[in-house]
Amino acid sequence: FWKSLPVPLHLYDKYPQLDNVRDLAEADSLPDETFSSIVYDLPFIVSDKNTDNIIKNRFTYFTSVEEAYDVNIEMLNRAYRLLKRKGLLIVKTMDCYKANAQLWISDFVVNEAFKRGLVMKDKFILLSKLRLFAPTHKQNVARKYHSYFFVFQKP
């Protein structure tokens, strides 16, 4: 998805891996209403550090359910502060499964965005072309092969 878009002028990450990406902590020193648009794309799995997992070995992950929810709240608060009025926030998220429980991260993000007064302007569903899973893992619920792109606007 990201390959077909122009590179943004300002890139931040909690764990920068490229020279043009700055530490996310730097964004906290920016003045309010700095950006007219913000995109955030957080990890989409929760896993123990000691668990071997194909997806976990390829992507960054949350180490607890609490961390997944806390980081989404942190990012929504940061984005709301940094967005100009009428600015757009795009959130890429995905529901997941951990410890025999469904984690409806997408619903959580929408509810938290509404609490902050953000207005949902659109929702996109992106189907995954990959079907990564552990063949020895017992499937208890439907596998999620899609992610959401929510488009919110700051009033």
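Refer to the structure presented above.
Below: a short report on this structure. Just so it is clear, the model here is predicted, and its values are computed rather than measured. (Residues numbered from 1 in each chain as written. Predicted model: local features only at pLDDT ≥ 70, side-chain atom pairs only at ≥ 80, totals over all residues. Heavy atoms only, no water.)

1. Focus: the overall build of the protein
Scanning the protein from N- to C-terminus turns up three helices and eight strands. For the protein, the α and β elements follow one another from N to C terminus as β-β-β-α-α-β-β-β-α-β-β. In the protein, buried positions account for 32% of the 155 residues. Looking at the protein alone, contacts between residues at least 24 apart form 66% of all its contacts between residues at least 6 apart. Total accessible area on the protein is roughly 10200 Å²; 55% of this is exposed by carbon and sulfur atoms. (Helix = DSSP H or I, 4+ residues; strand = E, 2+ residues; numbered from the N terminus. Buried < 20%, exposed > 50% of the residue type's maximum accessible area, 1.4 Å probe, protein only. Contact = heavy atoms within 4.5 Å. Areas by Shrake-Rupley, 256 points an atom, 1.4 Å probe, with all protein chains shown as cover.)

2. What about the nonpolar core?
Counting residues in each nonpolar core, the largest one holds 25 residues, and the members touching the most others are Ile38, Tyr40, Leu89, Val109 and Phe152. Those elements giving two or more residues to this core turn out to be β3 (35-41), α2 (65-82), β4 (83-93), α3 (105-115) and β8 (146-153). Per-element tally for this core: the top contributor is α2, with six residues. (Core = buried A, V, L, I, M, F, W, Y, C linked by side-chain atoms within 4.5 Å.)

3. Topic: the sheet that holds β3
Strand order across the open sheet formed by four strands is β3-β4-β8-β7, with mixed pairing between neighbours. Each edge of the open sheet is held by one strand with a lone partner, namely β3 and β7 (119-127). When strand polarity is set aside, the average angle formed by the axes of neighbouring strands in this sheet is 15°. As paired strands, β7 and β8 are joined by eight bridges and run antiparallel to one another. (Pairing = 2+ DSSP bridges. Axes fitted to C-alpha atoms, helices over the stretch in contact; angles between N-to-C directions.)

4. Regarding the packing of aromatic side chains
Centre-to-centre distance and the angle between the planes together describe a pair of aromatic rings. The tally for this structure, following the rule as stated, stands at three aromatic pairs. On the basis of an interplanar angle of 5° and a centroid distance of 5.5 Å, the ring pair of Tyr148 and Phe150 is categorised as stacked. Here Tyr148 falls in the buried class, since its relative accessible area comes to 15%. A relative accessible area of 3% places Phe150 in the buried class. Centroid distance Phe150 to Phe152: 5.9 Å. Interplanar angle 40°. Geometry classified as tilted. These aromatic residues form a ring-pair network of at least three members: Tyr148, Phe150 and Phe152. Over the aromatic face of Tyr80 sits the side chain of Lys154, whose NZ or CZ is 4.4 Å from the ring centroid. (Phe/Tyr/Trp six-rings, centres within 6.5 Å; stacked < 30°, edge-to-face > 60°. Lys NZ or Arg CZ within 6 Å of the ring centre and 35° of its normal.)

5. With respect to the packing of α2 against α3
For the pair α2 and α3, the least separation of the axes is 10 Å and the interaxial angle reads 35°. Considering only the axes of α2 and α3, their crossing is right-handed. Touching Ala68, Tyr69, Asn72, Ile73 and Leu76 of α2 are Ile105, Phe108, Val109, Glu112 and Ala113, all from α3. In terms of residue class, the contact of α2 with α3 is built from eight nonpolar, one polar and one charged. (Left-handed = near helix turned anticlockwise from the far one by under 90°. Nonpolar A, V, L, I, M, F, W, Y, C, P; charged D, E, K, R; others polar.)

6. Focus on unusual backbone geometry
Here Glu33, not a glycine, exhibits a phi torsion of approximately 55°, which is positive. Within the secondary structure layout, Glu33 lies in the loop between β2 (22-23) and β3. Residue class for Glu33 comes out partly exposed when judged on its relative accessible area of 39%. One non-glycine residue with positive phi stands out, namely Lys86, at about 70°. Assignment of secondary structure puts Lys86 in strand β4. On the accessibility criterion, Lys86 (58% relative accessible area) is exposed.

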